[in-house]
Amino acid sequence: YTMKKVVLTLSIVLFVMFGLLAQVSTSSQAPKKLTAEEKQKQEQIRQQQMQKKSQEANAQANNPNAPVVKFDNVVHDYGEIEQNGDGRCEFKFTNDGKEPLILSNVRSSCGCTVPEWPRQPILPGQSESIKVKYDTKRIGMINKSISVYSNASQSPITLRIKGKVNAKSAANLPEKNVDASSSPVNK
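One structure accompanies this document, and this report is about it.

If you walk through the whole model with that rule in mind, you get one disulfide. Two residues, C110 and C112, share a disulfide whose sulfurs are 2.4 Å apart. Here the disulfide of C110 and C112 is right-handed, its torsion about the S-S bond being about 70°. Just as C110 is buried, C112 falls in that class too.

This is the structure:
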């Protein structure tokens, strides 16, 4: 009698395991093509999500106590800098609102520009800064933007960096020591 129970239990366990394996293998196959109806439904969901975000933004903009971000400067001009020079700058700001300011994301327009921002709430009246590092190994004009997303009444805010990276001059390149005695001319 117990042998029958063991065999039956093992059979059920194996059946369940093979069923799960079959389910996993079919879910790892290429995604199926969406029908027109499914595409329409996805588009409706996307529009509803966008509308909800817009309503939330409007509610925040109409909130008289909402945080207000005031930047000292929204454009940093490096002027002309040398290749591999210091590409760091700072954008200082103050929360001029009545509620804590939370920076949810700070994104740059390309990977050559890396922003760092405070992750903790900035209390009313408190000042902080967003630090930006531009990779100056590329020669040419600098014109990049940094988008600052927050719970402030005006969000996102766009910051910009600009300038020009010049190639290192020959005077600044490392010298090559040449031993005159080993020169083929002197032999």
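All right, on to unusual backbone geometry then. The amide bond that connects S155 to the next residue, P156, takes the cis arrangement and shows omega of 0°. Summarising the element assignment, P156 is placed in the loop between β7 (140–150) and β8 (157–166). The residue N84 is not glycine, and still its phi comes out positive at about 65°. Structurally, N84 can be placed in the loop between β2 (75–82) and β3 (88–95).

The next thing to look at is a nonpolar patch on the surface. On the surface, M3, V6, V7 and L10 cluster together into a nonpolar patch covering about 390 Å² of accessible area. Structurally, the position occupied by M3 is in helix α1 (residues 2–27).

Turning our attention to the environment of C112. Within the secondary structure, C112 is located in the loop between β4 (103–108) and β5 (113–116). For C112, a relative accessible area of 5% puts it in the buried group. As for C112 and D135, which are separated by 23 residues in sequence, their C-alpha atoms are 5.2 Å apart. Apart from residues lying up to four places away in sequence, C112 is in contact with K133, Y134, D135, R138 and K144.

Time to look at the sheet that holds β5. Strands sit in the order β1-β3-β6-β5 across an open sheet of four strands; the sheet is antiparallel. The sheet is open, and its two borders are formed by β1 (69–71) and β5, each paired with just one other strand. Between one strand axis and the next, the sheet turns through 30° on average, direction left out of account. Looking at chain direction, β5 and strand β6 (residues 127–134) are connected through four bridges and run antiparallel. When the bridges of β6 are listed, E116 appears paired with K131.

So, about the sheet that holds β8. Taken together, four strands build an open sheet; the order of strands is β2-β8-β7-β4 and the sheet is mixed. What marks the edges here is a single partner per strand, and that holds for β2 and β4. Between one strand and the next, the sheet's axes are offset by a mean angle of 15°, whatever the strand orientation. Two elements, β7 and β8, share nine bridges in a ladder whose sense is antiparallel. Within β8, the position partnered with I146 by the bridge is L159.

What counts, and at which threshold
Residues numbered from 1 in each chain as written. Predicted model: local features only at pLDDT ≥ 70, side-chain atom pairs only at ≥ 80, totals over all residues. Heavy atoms only, no water. Disulfide = S-S within 2.5 Å. Buried < 20%, exposed > 50% of the residue type's maximum accessible area, 1.4 Å probe, protein only. Helix = DSSP H or I, 4+ residues; strand = E, 2+ residues; numbered from the N terminus. Patch = residues over 30% accessible without salt bridge, like charges linked within 9 Å, V, L, I, M, F, W, Y side chains within 5 Å. Areas by Shrake-Rupley, 256 points an atom, 1.4 Å probe, with all protein chains shown as cover. Salt bridge = Lys/Arg side-chain N within 4 Å of Asp/Glu carboxyl O. Contact = heavy atoms within 4.5 Å. Pairing = 2+ DSSP bridges. Axes fitted to C-alpha atoms, helices over the stretch in contact; angles between N-to-C directions.

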